Amino acid sequence: MPKSVAIVTGASQGIGRATAVRLARDFSALVLVARNSANLEDTAKAVRAVGAEVLAISADLAEPLAAQSVVAQTLAAFGQIDALLNIAGAVPQVDLFETTEQQWEAGLALKLHGARRLTIAAWPALVAAKGAVVLMSGNSASFPKAPYAAVGTINAAIVALAKAFSDKGISDGVQVNSVLPGPVMTGRRRSYLEHWAPLHNMSLEEATAKFPKEAGIARYGEPEEIAELMAFLVSPGARWMTGSALRMDGGEVKSI
Ligand SMILES: NC(=O)c1ccc[n+]([C@@H]2O[C@H](COP(=O)([O-])OP(=O)(O)OC[C@H]3O[C@@H](n4cnc5c(N)ncnc54)[C@H](OP(=O)(O)O)[C@@H]3O)[C@@H](O)[C@H]2O)c1
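Note that the structure is a prediction, hence the values are computed from the model and not measured.

### Details of the overall build of the protein chain
Okay, step 1: The helix and strand tally for the protein chain stands at eight helices and seven strands.
Okay, step 2: A compact globule built from 256 residues should have a C-alpha radius of gyration of about 18 Å, and the protein chain, at 18 Å, falls within 12% of that.
Okay, step 3: For the protein chain, the spread of C-alpha atoms along the three principal axes comes to 55 × 35 × 35 Å.
Okay, step 4: Split into buried and exposed, the 256 residues of the protein chain put 47% on the buried side.
Okay, step 5: Intrachain contacts of the protein chain at a sequence separation of at least 6 include 71% that bridge at least 24 residues.

### Structural notes on the pairing of strand β2 (residues 29-34)
Okay, step 1: Most of β2 is tucked away: six of the six residues are buried.
Okay, step 2: Here β2 shows no split at all, with Ala29, Val31 and Val33 on one side and Leu30, Leu32 and Ala34 on the other all buried.
Okay, step 3: Across five bridges, the pairing between strand β1 (residues 5-9) and β2 is parallel. Along β2, the bridge assignment pairs Thr9 with Val33.
Okay, step 4: After leaving β1, the chain enters helix α1 (residues 14-23) and then returns to the sheet as β2, a path that is right-handed.
Okay, step 5: In this structure, β2 lies alongside strand β3 (residues 53-58), joined through six bridges in parallel fashion.

### Section: the sheet that holds strand β4 (residues 83-86)
Okay, step 1: Spatially, seven strands are ordered β3-β2-β1-β4-β5-β6-β7 in an open sheet, and the strand pairing comes out parallel. In this open sheet, the two strands that pair with only one neighbour each are β3 and β7 (245-248). The sheet shows a mean angle of 15° between the axes of neighbouring strands, taken without regard to direction.
Okay, step 2: As judged from the three bridges shared by β1 and β4, these two strands associate in the parallel manner. Considered in β4, the bridge of Val8 is made with Leu85.
Okay, step 3: Its contacts with the sheet put α1 on β1, β2 and β4, and the angle it makes with β1 is roughly 165°.
Okay, step 4: Where helix α8 (residues 223-233) meets the sheet, it contacts β4, β5 (132-136), β6 (175-181) and β7, and its direction lies at approximately 165° from that of β6.

### Some thoughts on the site of the ligand
Okay, step 1: Around the ligand lies a shell of 28 residues, among which Gly14, Arg35, Asn36, Gly89 and Gly138 are the nearest.
Okay, step 2: Counting residues per element, the ones that place at least two in the shell around the ligand are α1, α4 (101-129) and α6 (187-199).
Okay, step 3: Of the residues contributing to the shell around the ligand, the split by class is 12 nonpolar, 11 polar and five charged.
Okay, step 4: Domain assignment of the residues forming the shell around the ligand places at least three in each of domain 1 (5-184 + 222-248) and domain 2 (185-220).

### Side note on the packing of helix α3 (residues 66-78) against α4
Okay, step 1: Two elements in contact, α3 and α4, have axes whose closest approach is 8 Å; the angle formed by their N-to-C orientations is 30°. Handedness of the α3/α4 crossing: right-handed. Residues Ala67, Gln68, Val70, Val71 and Leu75 of α3 form the contact with α4, whose own contacting residues are Arg117, Leu118, Ala121, Ala122 and Ala125.
Okay, step 2: When grouped by side-chain class, the residues that make up the contact of α3 with α4 number eight nonpolar, one polar and one charged.

### Some thoughts on the environment of Ala44
Okay, step 1: Looking at the element boundaries, Ala44 is found in helix α2 (residues 37-50).
Okay, step 2: Those residues within four positions of Ala44 in sequence are excluded, and the remaining contacts are Leu32, Val54 and Ala56.

About the criteria used
- Residues numbered from 1 in each chain as written.
- Predicted model: local features only at pLDDT ≥ 70, side-chain atom pairs only at ≥ 80, totals over all residues.
- Helix = DSSP H or I, 4+ residues; strand = E, 2+ residues; numbered from the N terminus.
- Rg over C-alpha atoms; globule rule 2.2 N^0.38 Å.
- Buried ≥ 20, exposed ≤ 12 C-beta atoms within 10 Å, placed from the backbone.
- Contact = placed C-beta atoms within 7 Å.
- Pairing = 2+ DSSP bridges.
- Right-handed = clockwise from strand over helix to strand, strands pointing away.
- Axes fitted to C-alpha atoms, helices over the stretch in contact; angles between N-to-C directions.
- Near = placed C-beta within 6 Å.
- Nonpolar A, V, L, I, M, F, W, Y, C, P; charged D, E, K, R; others polar.
- Domains from an automatic or database assignment.
- Left-handed = near helix turned anticlockwise from the far one by under 90°.

These results come straight from atomic positions and should not be treated as a statement about function.
If you want it as structure tokens, here you go:
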């Protein structure tokens, strides 16, 4: 396999972890970024088992200096960046009228500004490689709800940010897209259901069973299914796809 390097954020669990393991089939080296080093090491083992080299970086991407450090360590280890998958996100799932300043700032600091800073820091290397970027949004961008207002608002901002990067990428030779998953069963989805259950007078077990019907879908998505879309977006087959916001949601969004 020719040398090719992808950075995956949020790689310690959930969709980020599944994406890293999937990309190990297509890239010769993966850079895994998140805070929890033990979980990152678990992902690293799974990636190595598929055959790719690994650099695991424990970093808090909400910190302004983290992006430069991730890019510097990546270039020192592998000398190039062909793909950047910004998946890390932990926007507080709190009611519009109860979300504190600190919760808004924390949600923005990681998911919007963390992805923005890392994409900017990696941009020169991405231009050199004619690379690809994915920014993780979410279906809630299309239907922001008051009980989780920051989630929908920040996801909508991510779609706009990806579009702005893609505009620059047309002349720079870098493709940039955003992805909007529907409900995928991960740790974050379980914490969402912990909020959703009492709002609907249900136990967590009842809520977990009933939520897909309420959302108008047949079942939850699996992280591995989103990982397939991620892999396509950074593959040669998607080279002419840029500035798109791609939904994979089991049919949750009913409008065209
Ligand atoms: N699951 C869904 O239904 C769904 C739907 C739509 C969109 N999404 C989006 O998909 C992305 C992944 O979600 P998920 O469901 O896989 O969530 P998850 O299982 O909670 O994973 C979140 C990832 O983000 C990392 N992270 C959190 N805070 C971080 C920080 N400050 N610095 C660096 N990394 C950090 C976590 O690692 P550490 O804790 O180790 O730092 C973890 O790897 C998120 O952006 C989420 O909004 C998910």
